[in-house]
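If you want the building blocks of each chain, they are given just below.
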Amino acid sequence: SHREMPVEKGLDHTLQLLREGYDFMMNRKDKFHSRVFETRLLGEKVYGLVGKEEAELFYDEDKFVRKNAAPGRVQKTLFGKGGVQGLDGREHRHRKKMFMSLMSNDTLQEIRQLVRKEWNHLLAHTEKELHVREASQIVFTRVALRWCGIPFEEKKVSDWVDELNDLFEHVAHIGPKHWKARFFRNKAEKWLEELVEKVRAGKETVDQNRLLYHFSMYKDAHGNFLSPNIAAVEILNLLRPTVAVSVYVDVMFLAMRDYPEEMKKIKSQGKEAGERFIQEVRRYYPFFPFLAARVKETFIWNGYEFEKGKLTLLDLYGTNHDPAIWKNPHLFDPDRFINWKETPFSFIPQGGGDFEIGHRCPGEWLTLELLRETLDIFIHDVPFTFPKQDGDIERNDIPPQPNMIINII
Ligand code: HEM
């Protein structure tokens, strides 16, 4: 049986999206009392989905595809063109394997050691005041370059930091910041393309166990090398988000400041409490607002018709704050993760579903390792205090920027 999908009236709601930011989808879900609705964004009719069953629907490969789903401006800054995000089916699975093969236990172990080493290096040069966001950007950039096996000169590190950072800090901007991000993407892609070509020609000796070598030599589902440009795009797909974990570190310090009793718990109860704290940071604070896909073929779900080719957005933030899944979703409460049963579609800060088959973030374990090691260092080894500061997050600041500052004692 057919049902009418709630439709938001009006020509376009892009301005409301920019204003309401992370609340845009939830506001409509509440207004229409419906987890499925239709609105208009950037001149297009768009379906909105919020919730666990809706996430499961969104990840159904028979119903949705990623091809041409991301807006051009996001591709030109955040993702790059031709990368894994926009692939479907067999081609996607094959490329995704390359990413997943990098996430072994040994790798994650090594990453933790690199994180500790690079924090120690940075802290050895820190007098008192530490800008958390900038510091973790430097640490994670150095970790990412080393992990990927990309040769770099010490004096060039700060360029890498700025450039990688620009690729994700300005996704939601229009105008000069957007153009600057595009400029950096072109520059970084070109530099990496040349590096890939040198590796292939044997003109640059690189560690064969490292990612730069793997991606340079990787063959696609048809047995061909990736074009140097796509290899560059995929290498940036590892470097950029590793540096973006600095956003989580920033909000993690905001949580430490605002919920000092949780810090005490971690100190006294140890690892498990730290783990719950990190999970709650990823649930509670916003990062990616939503994901985009297109309807593959017209279908009916719960009585609602989804028309072929239409853009569909899955609300990640709203699903992580859905009262049908989370009790008191707007409270910061790491203890909610005691005896928590993980399911693929209810806790989706880095996407949902299956890592190998779907588009779920292949960097989720790596993200957790970066956060665990960083938390461990600041809980146990580096005493600090919070000077007076705002630490506010705007609802439409994508990604959030509390810009926390701490004083090392
Ligand atoms: C995909 C979030 C860290 C690499 C994604 C997606 C989200 C996400 C929401 C899209 C999932 C989908 O389309 O279904 C995050 C957040 C991170 C993070 C919030 C923490 C800051 C990382 C790290 C890496 C990484 C550390 C790699 C080192 C990727 C790649 C994809 C992806 C390659 C595309 C996967 C695909 O299309 O199959 N991430 N991520 N991410 N992430 Fe992450």
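See the structure shown above.
Residues numbered from 1 in each chain as written. Predicted model: local features only at pLDDT ≥ 70, side-chain atom pairs only at ≥ 80, totals over all residues. Heavy atoms only, no water.

Draft legend 1. A look at the coordination of the iron atom of the ligand. Of all protein atoms, Cys361 (SG) alone acts as a donor to the iron atom of the ligand, lying 2.3 Å away. Examined against the element boundaries, Cys361 turns out to sit in the loop between helix H14 (316-319) and helix H15 (364-381). (Donors = N, O, S within 2.8 Å, 3.2 Å for Na, K, Ca; no water. Helix = DSSP H or I, 4+ residues; strand = E, 2+ residues; numbered from the N terminus.)

Draft legend 2. Region of the structure containing a nonpolar patch on the surface. On the surface, a cluster of nonpolar side chains totalling about 330 Å² of accessible area is made up of Leu15, Leu18 and Ile174. Its relative accessible area of 42% is what places Leu18 among the partly exposed residues. (Patch = residues over 30% accessible without salt bridge, like charges linked within 9 Å, V, L, I, M, F, W, Y side chains within 5 Å. Areas by Shrake-Rupley, 256 points an atom, 1.4 Å probe, with all protein chains shown as cover. Salt bridge = Lys/Arg side-chain N within 4 Å of Asp/Glu carboxyl O. Buried < 20%, exposed > 50% of the residue type's maximum accessible area, 1.4 Å probe, protein only.)

Draft legend 3. Quick peek at helix H4 (residues 72-79). Among all positions of H4, only Val74, Gln75, Thr77, Leu78 and Phe79 are buried. Summarising the contacts, the buried residues of H4 are in contact with helix H8 (157-169), helix H9 (176-200) and helix H11 (228-258). Two residues or fewer past H4, Gly80 is found with a positive phi of approximately 85°. (Contact = heavy atoms within 4.5 Å.)

Draft legend 4. Region of interest: the side chain of Thr107. Its place among the elements puts Thr107 in helix H6 (residues 105-124). Separated by 2.8 Å, the side chains of Thr107 and Ser104 make a polar contact. Look past the residues within four positions of Thr107 in its chain and what remains in contact with it is Leu102 and Trp147. (Polar contact = N/O pair within 3.5 Å; in protein donor to acceptor, adjacent residues only side chain to side chain.)

Draft legend 5. Inspection of the environment of His214 at higher detail. Within the secondary structure, His214 is located in helix H10 (residues 211-217). Under the relative-accessibility criterion, His214 is labelled partly exposed at 41%. Excluding anything up to four places from it in sequence, His214 contacts Gln208 and Asn209.

Draft legend 6. Spatial organisation of the packing of helix H12 (residues 260-269) against H15. Two elements in contact, H12 and H15, have axes separated by 10 Å at closest approach and are oriented at 85°. Taken as axis vectors, H12 and H15 run roughly perpendicular relative to one another. When H12 is examined against H15, the residues Met263, Ile266 and Lys267 are found in contact with a partner set consisting of Leu375, Ile379 and His380. Looking at the contact of H12 with H15 residue by residue, the class counts come to four nonpolar, one polar and one charged. (Axes fitted to C-alpha atoms, helices over the stretch in contact; angles between N-to-C directions. Parallel < 35°, antiparallel > 145°, perpendicular 65-115°, else oblique. Nonpolar A, V, L, I, M, F, W, Y, C, P; charged D, E, K, R; others polar.)

Draft legend 7. Region of interest: the nonpolar core. Counting residues in hydrophobic clusters, the biggest one holds 85 residues, and the most contacted among them are Trp119, Trp147, Ile150, Leu239 and Phe378. If one sorts the elements of this core by residue count, H11 sits on top with 18 residues. Not counting the four nearest positions on each side in its chain, Phe378 is found in contact with Trp119, Leu123, Leu130, Phe253, Phe384, Ile406 and Ile408. Listed in part, the 20 residues of the second largest apolar core include Tyr47, Ala55, Trp301 and Phe306. (Core = buried A, V, L, I, M, F, W, Y, C linked by side-chain atoms within 4.5 Å.)

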